[in-house]
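# What the coordinates show
These are the residues of each chain, in order.
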Amino acid sequence: VQLQASGGGLVQAGGFLRLSCVVSGMSSAIFALHGVGWYRQAPGMQRELVAQIPILGETKYADSVKGRFTISRNNARNTVYLQMVSLKPEDTAVYYCNARMNQKDFWGRGTQVTVSS
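Residues numbered from 1 in each chain as written. Predicted model: local features only at pLDDT ≥ 70, side-chain atom pairs only at ≥ 80, totals over all residues. Heavy atoms only, no water.

## Observations regarding the overall build of the chain
Rules: Helix and strand definitions here come from DSSP, where helices need a minimum of 4 consecutive H or I residues and strands a minimum of 2 consecutive E residues; each element is numbered from the N-terminal end. Here the globule rule reads 2.2 Å times residues to the power 0.38, and the radius of gyration is calculated from C-alpha atoms. Between buried and exposed lies partly exposed: a residue is buried under 20% and exposed over 50% of the maximum accessible area for its type, with that area taken using a 1.4 Å probe on protein chains only. A 1.4 Å probe and the Shrake-Rupley method give the accessible areas. Residues count as covered only by the protein chains that appear here. Think of it this way: Lys and Arg go in the positive column, Asp and Glu in the negative one, and His and the chain ends go nowhere. Note on charges: their place is set at NZ of Lys, CZ of Arg, CG of Asp or CD of Glu.
Along the backbone of the chain there are one helix and eleven strands. From first element to last, N terminus to C terminus, the chain shows the α and β order β-β-β-α-β-β-β-β-β-β-β-β. Its C-alpha atoms give the chain a radius of gyration of 14 Å, near enough to 13 Å, the size a compact globule of 117 residues would have. Its C-alpha atoms give the chain principal-axis dimensions of roughly 40 × 25 × 25 Å. Taking all 117 residues of the chain together, the buried fraction comes to 40%. Split by element, the accessible area of the chain, about 6500 Å² in all, is 51% carbon and sulfur. For the chain, the distance from the average site of its 12 positive side-chain charges to the average site of its 6 negative ones is 8 Å.

Printed below as a string of structure tokens:
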């Protein structure tokens, strides 16, 4: 199983980006059984949850991104998205996508998001 994240880059504060994560190595039917999420890690900081679509329960967002970020998924394409608007310099981090089923986690390599002030 591989997760390939893309869409990161350098953007000015107030700008927007859309991250994508394609999950390969599993069928769409199996992918649909996985919870998915985006995490981020800034230099010197711990990795933190940004947004998550669990298999059971409601979509979750970190308080710092509520109202600005939107997570979505396309099971037919084995893809997870993170739409980010009104970006702030404090959003600068490496963003990682995650797929989880039965406590087993799969991680992508991350994509860098840099927001300049």
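## Comments concerning the pattern of salt bridges
Note the cut-off: Between Lys or Arg on one side and Asp or Glu on the other, a salt bridge is scored when a side-chain nitrogen of the former is within 4 Å of a carboxyl oxygen of the latter.
For the structure shown, the criterion picks out five salt bridges. Salt-bridge contacts for Asp91 lead to Arg40; the nearest nitrogen and oxygen are separated by 3.0 Å. Of this pair, Asp91 sits in the loop between β8 (79-84) and β9 (93-101) while Arg40 is found in strand β4 (residues 35-41), placing the two residues 51 residues apart along the sequence. Between Arg100 and Asp105 there is a salt bridge; the shortest N-O distance is 2.6 Å.

## Some remarks on the layout of surface pockets
Our working definition: Only protein atoms enter the 1 Å grid, on which a cavity is a set of points fitting a 1.4 Å probe that cannot get out and a pocket is an open set with protein on both sides within 12 Å along at least 5 of 7 lines, lining residues being those with an atom within 4 Å of a point. Grid points are joined across faces, edges and corners, and a volume is the space filled by probe spheres set on the points. Charged means Asp, Glu, Lys or Arg here, nonpolar means Ala, Val, Leu, Ile, Met, Phe, Trp, Tyr, Cys or Pro, and polar covers whatever is left, Gly included.
By volume, the largest pocket is sized at about 200 Å³. Looking at the largest pocket, the residues that line it are Leu33, Gly35, Val36, Gln52, Pro54, Ile55, Leu56, Asn98, Arg100, Met101, Asn102 and Gln103. Looking at the lining of the largest pocket, the elements with two or more residues in it are β4 and β9. When the residues that make up the lining of the largest pocket are grouped by side-chain class, the tally is six nonpolar, five polar and one charged.

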